[in-house]
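Okay, here's what each chain looks like letter by letter:
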Amino acid sequence: MGFTWSAEKVKWFEKALETGEYPRVFMPILETMIDRKSSVLEIAAGVGPFSRMLASRVKSVTALEPSDLALAALREASIEKGISNIRYVESTWEEWPDEVHDVIIAAYAGGSVTGSEESLIRLNALARRGVLLVAPVSRERKNFGVDSLYVRLNREPPLRRECPPDTEAILKSLGISFESAIYTYEFGQPLQSIDEGVRLISSYHQFGPDEMEIVRDFVRESVVETGDGYYLPNLRTSRVFYWYT
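So, how was this worked out
- Along each chain, numbering runs from 1 in the same order as the chain's sequence is written.
- With the structure being a predicted model, the display of local features is reserved for residues of pLDDT at least 70 and the display and counting of side-chain atom pairs for 80 or more, all residues being used for whole-chain, interface and lining totals.
- The basis for every side-chain value is the complete set of heavy atoms in the structure, and neither hydrogens nor water enter the calculation.
- Here a strand is any run of E in DSSP of at least two residues, a helix any run of H or I of at least four, and the numbering for each starts at the N terminus.
- Expected helix span is computed as 1.5 Å times (number of residues minus one).
- Three exposure classes are used, based on accessible area relative to the maximum for each residue type with a 1.4 Å probe and protein chains only: buried under 20%, partly exposed in between, and exposed over 50%.
- Arc, as used here, means the arc of the directions from the helix axis to the C-beta atoms.
- Think of a salt bridge as a Lys or Arg side-chain nitrogen and an Asp or Glu carboxyl oxygen that are within 4 Å of each other.
- Note on contacts: a residue pair is in contact if any heavy atoms of the two residues lie within 4.5 Å.
- Should DSSP find at least two bridges between two strands, the strands are regarded as paired.
- Only C-alpha atoms enter the line fits that serve as axes; for helices the fit covers just the stretch in contact. Angles between N-to-C directions range over 0 to 180 degrees.
- The cut-offs work like this: below 35 degrees is roughly parallel, past 145 is roughly antiparallel, 65 to 115 is roughly perpendicular, and the gaps in between are oblique.
- Residue polarity follows a fixed list, in which Ala, Val, Leu, Ile, Met, Phe, Trp, Tyr, Cys and Pro are nonpolar, Asp, Glu, Lys and Arg are charged, and the others, Gly among them, are polar.

Caption draft 1: Structural detail: helix H1 (residues 7–19). Taking 1.5 Å per residue as the helical rise, H1 with its 13 residues ought to reach 18 Å, and the 19 Å between its terminal C-alpha atoms agrees with that figure. Those residues of H1 not exposed but buried are Lys9, Val10, Trp12, Phe13, Ala16 and Leu17. Buried residues of H1, viewed axially, fall in a sector of 165°; they line one side. Residues Ala7 and Glu18 are exposed on H1 and point more than 90 degrees away from its buried face.

Here is the structure:
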């Protein structure tokens, strides 16, 4: 099942950004690349987690995202917060004309961005100061602990459509000197109800009608009650590659 934005996914992601450590966990790296005069490009920005975080710290941000729904959410949030230095571009990385920025960021952007030799050459050429890439560490989908849910369902856990790109091997073959690290951080989901939690999990996975009660029990047992609803914890692990140009 490939990822596509929906109104509910936009809402969930924005709520998660308010409480989770993503993308703030990567700020120590980015602080070594940016200053008040910097321009930043966020590829496959979605609702713009890095764009939102960096807008007040740099001169300009370009949010590159093919989904008009996700871009509209970023634009609306920026207006509400008085942010005026983000440029919203509805486009894929492949269709984007070559334009230099000081720092380029691509987080969970897919193999065509982080696993392509042509793309990595292009990223390196268009970044004046540095590049930051964030990618999954394996093909297995384990967000929200769904691997344990699949054990209950007596099914094999789902795999990402493509293997994680062999970014490290490509960068080495290109002679690009880089740093790499594994980050584990909290990026859970605030919820209003158990039903919403079931919809959340079901939106990323495919379950049969006879499995839904098991999914509901999984959500009910996994959430933590809060003052105004629930919180579904999620420790996400990502592989980070970054280098200075």
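Caption draft 2: View of unusual backbone geometry. Residue Pro23 is reached from Tyr22 by a cis peptide bond, and omega for that bond is 0°. Within the fold, Pro23 resides in the loop between H1 and helix H2 (27–30). Phi is positive for Tyr108, which is not a glycine, with a value near 50°. By relative accessible area, Tyr108 is classed as partly exposed at 26%. Positioned with a positive phi, Phe144 is a non-glycine residue whose angle comes to about 65°. The exposure class of Phe144 is buried, given its relative accessible area of 15%.

Caption draft 3: Summary view of the pattern of salt bridges. Taken as a whole and judged by the stated rule, the model has 15 salt bridges. Arg128 is the partner of Asp102 in a salt bridge, and the nearest nitrogen-oxygen pair spans 3.2 Å. Of this pair, Asp102 sits in strand E4 (residues 101–107) while Arg128 sits in strand E5 (residues 127–136), placing them 26 residues apart in sequence. Under the relative-accessibility criterion, Asp102 is labelled buried at 7%. Here Arg220 and Asp217 are joined by a salt bridge, their closest N and O atoms 2.8 Å apart.

Caption draft 4: Quick peek at helix H10 (residues 212–222). All of the buried residues along H10 are Val215, Phe218 and Val219. The buried residues of H10 occupy an angular sector of 95° when projected down its axis, which confines them to one face. The inward-facing, buried residues of H10 abut helix H7 (146–152) and helix H9 (194–204).

Caption draft 5: View of the sheet that holds E4. The strand order across the open sheet built from seven strands is E3-E2-E1-E4-E5-E10-E6, with neighbouring strands paired in mixed fashion. With one partner strand each, in any of the chains shown, strand E3 (86–89) and strand E6 (179–186) form the two edges of the open sheet. Neighbour to neighbour, the strand axes of the sheet diverge by 20° on average, direction disregarded. By the bridge criterion, four bridges tie strand E2 (residues 60–64) to E3 in an arrangement that is parallel. Opposite Leu64, over in E3, you have Val89 as the bridge partner. Each of strand E1 (39–43), E4, E5 and strand E10 (235–244) is contacted by helix H6 (residues 117–126), which is oriented at about 140° to E5, the strand it contacts most.

Caption draft 6: Structural detail: the packing of H1 against H9. Following both chains from N to C, one finds H1 and H9 inclined at 110°, their axes separated by 11 Å at the closest point. For the element pair H1 / H9, the angle class is roughly perpendicular. Of the residues in H9, those in contact with Glu8, Lys9, Lys11, Trp12 and Lys15 of H1 are Glu196, Arg199, Leu200, Ser203 and Tyr204. Its residues assigned to classes, the contact of H1 with H9 shows three nonpolar, one polar and six charged.

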